[in-house]
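Single-letter residue listing:
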Amino acid sequence: MVAALHIRNGTLVDGTGAAPLPGTDVVTDGDAIIAVGPTGTLGHRVPAGAAVIDATDRTVMPGLIDSHCHITFDDVQSNDELFFHRPTATAAMLTLFNLPKLLMAGVTSFFDPDTVMGIGPEIRDVVNAGAFPGPRIKTGVQALLTSVGGTAGRLIPDSGAVGYAAVVNNREEMVTETRRQIKRGADWIKIHATGSIPTHQGELQVWTLDEMKAVCDTAHALGVPVTAHCRNASSTLDAAIAGVDLILHASYIDDDGLQAIIDRGAAICPTFTFLANLADYGDRVGAGNGMTEIFRGEITATATMMRKAFDEGVPILSGSESGFALTPYGHWHAREMEVFVDQLGLTPLEAIMCATKNNAIAMRMEGELGVVAEGYRADLLVVDGRPADDVTVLQDRSNLHAVISRGEPVDLTQPWPTRSKIAGEKVGNWAAEILTYDRAKRPDDPGRG
Ligand SMILES: [Zn+2]
């Protein structure tokens, strides 16, 4: 166990958006940053026996925070797999298997809004106790859905709970479930404010303003904030008015929605990464479905308003939606910053601020986390390269010279966790295509039915 670290002569990117400071030392003692200053001036502050990390020609910055990570989903390929092929115990064990990947990718904290059968608080607590390695975790239990459902269509039952979803059918159930989750240890309550129905294109609002307000009032009275998945304009507006603290996606947000967010002091985590991966690389893994331009269009439509929100001072948070086959753990946590630079026109330093200082909001650790300054927690990266010029260097793990989590260097020489398939974990397809008579007997006939 390392008690203290002396990180010498790096270029400091402190997470606040301030200009990089070359020739800077950072000293940690346990889980605290105890001094930051010009190289050669901090000798008297360095605890005896501190390990030295040479950061010459390297960048020293806060550990990355991911404000939208589904740690219990295990890189699933489909909703069927997610809801029906992850028994609770399997999901919990695979979560512990996957957690080190985040640390090895420079993610020292994350917020998980909803978890398979609500195991988030238990995962958080065993990691906090040091029983298993992992980043700092703030977590919801299960997402509250009305019986209309969310993005999984008719897989969601009319009542009860399945996978990450808890169905609530009236005001009383909404209030009771909120209280139950807080008793269980929820750091946040999550509402799925929009969902899909077969007769409607895109997602539509499936909660009323009053229903959302009932959850917000109940949670706030117990000191717990609320986040909401909002994939259209009206849900974003109503969620903000109801008192939702963190809006996920805010797709197609309009001026009224933005004004409500400003008035209420809410934050937004747009989470473009999933869509961006689908648009840019989906066809490489059989996921594009010819809808590339539609996905790209949703990003472009929302990005303009997100830029406006950023300029108005709304905290924009960086989240990757990791946990799906298109966003596997340890690979894309830094991609959102690239989208912020490309689509919102943020500077790399502003994008880094979203993924560090701003993301402390999702961790409920503002003033404690996400900035390299005296008194903050000791989560740090030492990076080969200049993320202040090009944020994409943070996507390539080989650029991480050191990852420091709670004051301790992560072993970056350990092999990347791999495993083989578990019996029953995948949806068993009989066949990828339909075996018609013509396909069997006349395979060369292009007109076969
Ligand atoms: Zn999500």
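Residues numbered from 1 in each chain as written. Predicted model: local features only at pLDDT ≥ 70, side-chain atom pairs only at ≥ 80, totals over all residues. Heavy atoms only, no water.

Peer 1: When you look at the overall build of the chain in this model, what are you seeing that I'm missing?
Peer 2: Scanning the chain from terminus to terminus reveals 12 helices and 20 strands. Compactness check: the chain gives a C-alpha radius of gyration of 23 Å against a globular reference of 22 Å for 449 residues, within 12% of the reference. Referenced to the eigenvectors of the C-alpha coordinate spread, the extents of the chain come out at roughly 80 × 55 × 40 Å. Residues classed as buried in the chain amount to 55% of the 449 residues present. In the chain, of all internal contacts separated by at least 6 residues, the share reaching a separation of at least 24 is 69%. When the accessible surface of the chain is totalled, it reaches about 18400 Å², and 52% of it is carbon and sulfur. Considering the chain, the positive charge centre built from 36 side chains and the negative charge centre built from 56 side chains are found 4 Å apart. (Helix = DSSP H or I, 4+ residues; strand = E, 2+ residues; numbered from the N terminus. Rg over C-alpha atoms; globule rule 2.2 N^0.38 Å. Buried < 20%, exposed > 50% of the residue type's maximum accessible area, 1.4 Å probe, protein only. Contact = heavy atoms within 4.5 Å. Areas by Shrake-Rupley, 256 points an atom, 1.4 Å probe, with all protein chains shown as cover. Lys, Arg positive; Asp, Glu negative; His and termini not counted. Charge placed at Lys NZ, Arg CZ, Asp CG, Glu CD.)

Peer 1: Whenever I open this one, the environment of threonine 327 confuses me. Can you help?
Peer 2: Relative to the helices and strands, threonine 327 is located in the loop between α9 (292–311) and α10 (335–344). On the accessibility criterion, threonine 327 (0% relative accessible area) is buried. Linking threonine 327 and leucine 275, residues 52 residues apart in sequence, is a C-alpha distance of 9.9 Å. When neighbours within four sequence positions are excluded, threonine 327 is seen to be in contact with Asp75, Thr273, Phe274, Asn277, Ser320, Glu321, Ser322 and Trp332. A distance of 2.6 Å separates a polar side-chain atom of threonine 327 from the backbone oxygen of glutamate 321. (Polar contact = N/O pair within 3.5 Å; in protein donor to acceptor, adjacent residues only side chain to side chain.)

Peer 1: Looking at this structure, I do not really get empty space enclosed by the protein. What am I missing?
Peer 2: Gaps left between atoms are located by rolling a probe of water-molecule size over the structure's atoms. One pass over the full model with this rule turns up 3 cavities of 30 Å³ or more. In this structure, the largest cavity occupies an estimated 60 Å³ of space. In terms of residue class, the lining of the largest cavity is made up of 5 nonpolar, 4 polar and 1 charged. Estimates place the volume of the second largest cavity at around 40 Å³. Forming the walls of the second largest cavity are Pro62, Gly63, Ile65, Thr108, Leu369, Gly370, Val371, Arg377 and Asp379. For the lining of the second largest cavity, the per-class residue count stands at 4 nonpolar, 3 polar and 2 charged. (1 Å grid on protein atoms, 1.4 Å probe; cavity = no way out; pocket = protein on both sides within 12 Å on 5 of 7 lines; lining within 4 Å. Points joined across faces, edges and corners; volume = space filled by probe spheres on them. Nonpolar A, V, L, I, M, F, W, Y, C, P; charged D, E, K, R; others polar.)

Peer 1: Can you walk me through α9 in this structure?
Peer 2: It helps to recall that an α-helix has 3.6 residues per turn; residues three or four apart then point in one direction. Spanning 20 residues, α9 covers 29 Å between terminal C-alpha atoms, matching the ideal 28 Å at 1.5 Å per step. Of all the bends in α9, the greatest measures close to 30° and is centred on alanine 303. Along α9, the residues that are buried comprise Phe295, Glu298, Ile299, Thr302, Ala303, Met305, Met306, Ala309 and Phe310. Next to the buried residues of α9 lie β16 (246–249), α7 (255–264), β17 (267–269), α8 (273–281), α10 and α11 (348–355). The positive-phi residue at the C-terminal boundary of α9 is glycine 313, with phi of around 90°. (Expected span 1.5 Å × (residues − 1). Bend = angle between axes of the 7 residues up to and from the residue.)

Peer 1: Please clarify how the sheet that holds strand β8 (residues 136–139) should be interpreted in this entry.
Peer 2: In any sheet, the strands associate via hydrogen bonds between backbone groups, in a parallel or an antiparallel arrangement. Read from one edge of the open sheet, 3 strands run β6-β7-β8, paired in parallel fashion. Edge positions in the open sheet fall to β6 (64–66) and β8, since each of these has one partner strand only. Taking each pair of neighbouring strands and ignoring which way they run, the sheet shows an average axis angle of 10°. As defined by bridge partners, β6 adjoins strand β7 (residues 107–112) across 3 bridges and the pair is classed as parallel. Its bridge partner lying in β7, aspartate 66 is registered against phenylalanine 110. Contacts between helix α2 (residues 88–104) and the sheet are confined to β7 and β8, with β7 contributing the most and set at about 125° to the helix. (Pairing = 2+ DSSP bridges. Axes fitted to C-alpha atoms, helices over the stretch in contact; angles between N-to-C directions.)

Peer 1: Before we go on, may I ask you to explain the pairing of strand β19 (residues 400–405) in this structure?
Peer 2: Here is the key point about a regular strand: its side chains alternate between the two faces of the sheet. In terms of residue burial, β19 counts as a mostly covered element, since 5 of its 6 residues are buried. Pairing of strand β18 (residues 380–384) with β19, which is carried by 4 bridges, proceeds in the antiparallel orientation. Note that in β19 the partner of valine 383 across the bridge is leucine 400. Looking at chain direction, β19 and strand β20 (residues 408–409) are connected through 2 bridges and run antiparallel. When the bridges of β20 are listed, isoleucine 404 appears paired with proline 409. Hairpin geometry of β19 and β20 is characterised by an intervening segment of 2 residues between the two adjacent antiparallel strands and by a positive phi of about 50° at arginine 406.

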